[in-house]
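# Overview (structure and organization)
This is what each chain is made of:
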Amino acid sequence: MTLFWSDFFSTLGCVGLFLLMLLGAGSFLARELKFPGFDDASGFERAGVALLCALACLPVMLDLAGRFGVVAMASLAGVIAFAGVPALMRGIGRPDRRAAAWLAIAFASVVVSIVLLIDWPMAAGLKHSLLIIDYVKHAESTWAIAQSATPPWNPAFYEPEHRAAYYYFFYTLTACVDLVCHHLFGAQARHAAYAGASVAAFALLALMAELWKRSGADEAVKSRSGSKSPIVWMIGLLLAAGLDLIPWTRMALDGQAPNTPETWADQITTWVSTALWTPHHAAALIAAFVGFIALARPAAPDPRRILLAGLAFASAAGLSVYIAMGAAATAALWLAALLANRRFRDAAGLLAAGALAAVFAAPWLATVVGRATGEAPIAFAMRNAHMLPYQFANPALDALAHLTVMALVYVIQFGIFALGGVAFWRAAGRNGLKTDIGLILVLSAAASFIIGSFLRSTMINNDLGWRIMLFAQTALLIWTLAAIRAGLLFGRNSLVSVASICLMVGYADIPLSFYLIRTAFPDNAMTRVLNLEERRAFTWLDANLAAGARMQAQPRQDFSFNFGLYGRFPAAVADCHEARLFGAANHDVNARIAELTPVFSSETTTIAEAETLAARYRLSGFVVTADDPVFDKPNAWVTQKSPAFASPHVRVYLFDAAARLPVNGLALESHAPGVALAQRAP
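I will try to describe carefully the structure that is included in this document. (Residues numbered from 1 in each chain as written. Predicted model: local features only at pLDDT ≥ 70, side-chain atom pairs only at ≥ 80, totals over all residues. Heavy atoms only, no water.)

### Brief notes about the nonpolar core
Residues Leu22, Trp334, Leu541 and Trp637 are the most contacted members of the largest nonpolar core, which totals 228 residues. If we skip the residues at most four places from it in the chain, Trp334 touches Phe292, Leu295, Ala296, Leu350, Asp436, Leu439, Ile440 and Leu443. Judged by nonpolar contacts, the second largest core, of six residues, contains Trp264, Ala265, Ala401 and Val405. (Core = buried A, V, L, I, M, F, W, Y, C linked by side-chain atoms within 4.5 Å. Buried < 20%, exposed > 50% of the residue type's maximum accessible area, 1.4 Å probe, protein only. Contact = heavy atoms within 4.5 Å.)

Next up, the structure:
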């Protein structure tokens, strides 16, 4: 079987197991915690609710169980999943032709997702997807948790006294999938991480269906669609982008086009890109809204729903701290509204859910807060301020100019959704606030715009500004859907209407994004060859070194893609980007990179110095490639030691095959033969 098809079927198997685990566990949780409407739901709706409840509750539950080890974490997921099978099957009838057609479409979407993610064989090497810029982190988090449980060690920086300070909850799910699928058919952590994209896509559709049904948006604009299902338009809007294609094309003509259309400005990430690139942020959004749905009327007050909301809010925090900020701001605004309307019992329920969330998330919060580096993680900054070509001497005039530019950029980025939002509120007026979910959508959009417009995160990228906008995007999608169903956007002359033009431009964005995902990753013929040979080297290491062994490749200032994607071995320092992301201090990372780089770059580094560094960081060995200057130097230390693995462009040198981190408190011995024997790659 070729590498392409091996990756394809391994990922497909992980998608299947991931969905089965979530559907079973979610059915149990939805039934026991009384998710509103679950008992009466059937078919795809029942499966969708199960998916939402699993993503909302399981992450924090697995984090807590993982503190007792990997076995406890995986066992909890399995037990809950099996317990929920009867509740799931009770509402799943015999599929008809229509259901079969939808399943075929769902399968096709999974295929597209996998093809966009996995490596493509090309010219004696492997071509990476652009998506691995994020998936190297997803894969590292997955195998780190699969080996160390929670909280995981920092896979990119050796710190025996610390654990990773990161929002890793989503990867408790992928780690459970990895543990089972690796045992069943040899799947790797990256395959389990890839599966998250398809899961996120299905869950986002389920979320929009639940929010639309409970928002009262159709009734607010007197929709003429009646009982006609909104699913086709819902999918259509999830596939649409804004008008990013227009500024991207202008930049492309100047030779300055970014790798994705959204990133021409502080991005408003499309729903497709959110599912593909950052499924953990999508899961956090889902968890936040599941918490709000559990507490909202007309559902009757129930302590079990308060528990459901508490679990969901806690999961949202550990899935994405940035989404959690938006959820907290929304909850504060909703609490004020409840008190103003003298709904004291509902306000007490919201406060109780918040208190439970704080208790459930406390162990994770202690890990994150304990690694504070002193640099403020959030700073004041006006969104897209760099786009204003002039700075006015008058502060008021300058602020007005910045706000004007910000508003214009928002209109471009939201496109059809900006138009749909305006059309909805012109028709709905105060009727759009009649339901609790309708009000929550408004409050979450307001919190989203306020935070995203005037605050930014300082850690590497402005993830706060990018991810917080998912709340506004959710509200605008629901409002646009209602406007379309009420006939407010498309009339008889729809082909020439502004709405149709916005929609067509939005759809054109998606195939362009797919093309860029498969072609824009920067490489050349040699890097593609190295991708293939490093994959083989790490596959050999995976078979010959025990879990917890540490290996070191050349540390990099940007990304060490192959080390994180193909390996499962913690490093003294993998790269600056991932090491800092998982909580290491910037000065410590740079100092260690400077210490280890000579092993790979300096001909004067001796074998004794290499052995000393390996012992200092308890490394089993080094992975040296043709990209490293010492690879072919006649006097370098690599000529004084026989490689344990060798291919034309990659070699593995083992110093202490027994050196490893404790795995769940145990140092697992390797029973693989030939650890110290040289092996030529096929």
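### Quick word on a nonpolar patch on the surface
Together, Phe82, Val85, Met89 and Ile92 give the surface a local cluster of nonpolar side chains, amounting to about 400 Å² of exposed area. Position of Phe82 relative to the elements: it lies in helix H3 (residues 70-90). Given a relative accessible area of 68%, Phe82 falls into the exposed group. (Patch = residues over 30% accessible without salt bridge, like charges linked within 9 Å, V, L, I, M, F, W, Y side chains within 5 Å. Areas by Shrake-Rupley, 256 points an atom, 1.4 Å probe, with all protein chains shown as cover. Salt bridge = Lys/Arg side-chain N within 4 Å of Asp/Glu carboxyl O. Helix = DSSP H or I, 4+ residues; strand = E, 2+ residues; numbered from the N terminus.)

### Some remarks on the pattern of salt bridges
Applying the stated criterion to the full structure yields 22 salt bridges. Between Arg535 and Asp119 there is a salt bridge; the shortest N-O distance is 3.8 Å. Placement of Arg535 in helix H22 (residues 525-544) and of Asp119 in the loop between helix H4 (97-117) and strand S1 (120-122) is noted, with a sequence separation of 416 residues between them. As far as the burial class goes, Arg535 and Asp119 line up, both buried. Across the salt bridge formed by Asp523 and Arg528, the nearest N and O atoms sit 3.1 Å from each other. When its relative accessible area of 15% is taken as the criterion, Arg528 is described as buried. Several salt bridges converge on common partners, so that one network encompasses Asp7, Asp119, Arg190 and Arg535.

### Looking at the packing of H4 against helix H7 (residues 189-215)
Between H4 and H7, whose axes approach to 9 Å, the crossing angle comes to 145°. Like other packed secondary-structure pairs, H4 and H7 cross with a definite hand, here right-handed. Contacts between H4 and H7 pair Ala106, Ser109, Val110, Ser113 and Leu117 from the former with Tyr194, Ala197, Ser198 and Phe202 from the latter. Residue classes in the contact of H4 with H7 are distributed as six nonpolar, three polar and no charged. (Axes fitted to C-alpha atoms, helices over the stretch in contact; angles between N-to-C directions. Left-handed = near helix turned anticlockwise from the far one by under 90°. Nonpolar A, V, L, I, M, F, W, Y, C, P; charged D, E, K, R; others polar.)

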